[in-house]
Amino acid sequence: MEAKEADAESDTGRWQAVLARDRASDGRFVTGVLSTGIYCRPSCAARHPRRENVRFFADGAAARATGLRPCKRCSPDDVARDERAVLAAIAAIKSAEQLLALADLARFAGYSPAHFQRVFARHTGLSPSAYARALRAERSAQALTSEQRVTDAIYEAGFSGPSRFYAANTQERLGMTASAWVNGGAGVTISWAVVPTSLGEMLVAATDKGVCRLSFNEGPDELARRFPRAELAEGDSAFAALLAQVVAAVERPDQDFAHIPLDVKGTAFQEAVWRELRRIPPGETRSYAQIAAAAGNPRAVRAAGSANGANNVAVLIPCHRVIRTDGTLGGYAYGLEIKRELLMRESS
Ligand SMILES: [Zn+2]
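Residue numbers run consecutively from 1 along every chain, following the written order of its sequence. Reporting of local features is limited, given that this is a predicted model, to residues whose pLDDT is at least 70; pairs of side-chain atoms are given and counted only at 80 or more, and all residues count toward the totals for whole chains, interfaces and linings. The side-chain values count all of the structure's non-hydrogen atoms but skip hydrogen atoms and water molecules.

### Brief notes about the coordination of the zinc ion
Then, number 1: Metal coordination here is assigned from N, O and S atoms located within 2.8 Å of the ion, or within 3.2 Å for Na, K and Ca; omission of water means that sites may look incomplete. Around the zinc ion, the protein contributes the donor atoms Cys40 (SG), Cys44 (SG), Cys71 (SG) and Cys74 (SG), at 2.3 to 2.4 Å from the metal centre.
Then, number 2: Irregular is the default label, applied whenever a site is not tetrahedral (four donors, all angles between 85 and 135 degrees) and neither square planar nor octahedral (four or six donors, opposite donors over 155 degrees apart, all other angles between 65 and 115). Bound by 4 donor atoms, the zinc ion shows angles of 105 to 124° at the metal and therefore tetrahedral coordination geometry.
Then, number 3: One chain supplies every donor for the zinc ion, spaced along it as C-x3-C-x26-C-x2-C.
Then, number 4: Residue classification places cysteine 40 among the buried residues on the basis of a relative accessible area of 8%.
Then, number 5: Residue exposure (1.4 Å probe, protein chains only): buried if accessible area is under 20% of the type maximum, exposed if over 50%, otherwise partly exposed. The class for cysteine 44 is buried, based on a relative accessible area of 6%.

### So, the pairing of strand S1 (residues 30-33)
Then, number 1: A helix here means a DSSP run of H or I that spans at least four residues, while a strand means a run of E at least two residues long, and both kinds are numbered starting from the N terminus. The two faces of S1 match: Val30 and Gly32 on one face and Thr31 and Val33 on the other face are all buried.
Then, number 2: Where S1 lies against strand S3 (residues 54-57), 4 bridges are found, and the strand directions are antiparallel. Bridging from a neighbouring strand, threonine 31 pairs with phenylalanine 56 of S3.
Then, number 3: A pair of strands counts as paired when DSSP detects no fewer than two bridges linking them. With 3 bridges connecting them, S1 and strand S2 (residues 38-40) associate as antiparallel partners.

### Quick notes on the packing of aromatic side chains
Then, number 1: Planes of paired rings set the category: under 30 degrees apart is stacked, over 60 is edge-to-face and the rest tilted, where pairs are Phe, Tyr or Trp rings (Trp by its six-membered ring) whose centres lie within 6.5 Å. A full pass over the atoms with the stated rule returns 5 aromatic pairs.
Then, number 2: On the basis of an interplanar angle of 40° and a centroid distance of 6.3 Å, the ring pair of tyrosine 111 and phenylalanine 116 is categorised as tilted.
Then, number 3: What makes tyrosine 111 buried here is its relative accessible area of 9%.
Then, number 4: Seen in terms of ring centroids, phenylalanine 216 and tyrosine 334 are 5.7 Å apart; in terms of plane orientation they differ by 70°. Their pairing is edge-to-face. One end of the pair, phenylalanine 216, is in strand S7 (residues 211-216); the other, tyrosine 334, is in the loop between strand S10 (322-323) and helix H15 (336-347), and 118 residues separate them in sequence.
Then, number 5: The class for phenylalanine 216 is buried, based on a relative accessible area of 2%.
Then, number 6: When its relative accessible area of 17% is taken as the criterion, tyrosine 334 is described as buried.
Then, number 7: Through a chain of ring-to-ring contacts, three or more aromatic side chains come together here, namely Tyr111, Phe116 and Phe120.
Then, number 8: Just above the ring of phenylalanine 29 sits the side chain of arginine 14; from NZ or CZ to the centre is 5.8 Å. Here, a charge over a ring is recorded when the distance from Lys NZ or Arg CZ to the ring centre is within 6 Å and its angle to the ring normal is within 35 degrees.

Remember that the coordinates give geometry; whether it matters functionally is a separate question.
What follows is the structure, encoded as structure tokens:
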């Protein structure tokens, strides 16, 4: 059965995944090539067929039913076995008390460690050990949302002690220390300023770790609502140096601003989305579907859109570089005028 004369938009998304050799799309569909009689994973490394020769199928069985043969180069029929192995590994990681060694996970799946690491990363966007760390971080973030002491949350999430908790966060995540986002920012000082820019009034707020909020047409009242228990302080001269870098980034978004420190937090998936946004080069755009796939879950297009919208640091986490599959701008928290202007500045 052909992959359901699917609506044009999702076929467009599939074709984009093929063009991007998007490994995260493997197992979601196969690409049948009528001119050669074979079918491939979306990520197949072989030269791309012409679009008019391509038909999409739900899986290998559907492709074989029309007489197509599996590609020898990308072995599209192994995807299901890979997926089972990955799901089994995820279940093991979730229930394990200790971090599991890659060699053990691989042996359990019947793969070599190197091959298993590739297969796992293709499905989740992370290595098994990074996945385990992100899972623990997400569990502690959830625990922190209830009113409880940070140290309680740390032990509840299964860490042996505070030092390992902070180490895991600073190495793997965009980074906010635990106490900055528990209890509405209680005990944390946030410096802020509202400055005029060519895009309008801009609010910049930062902890001593980095920028925690960049928005337009907002002031200290909105900031206080977001961090109700933090101490808000108008920026001093130390803050001015950071502020100058941020203003420069907003005025020239085509320049590299990866050096500006950020202080944000989200779920593991939100942070994966934000990391992918930071990887979009200036002057380029991605679709929500591409971001979802790059963040490790191609079916989570809507969640990728929400993560995009939950971004607290405009411009520096360039959520304006995500547009609709059909090329229209989609939404933007601060209005399409600003989004259009940022994209124009980057493309010229
Ligand atoms: Zn192939």
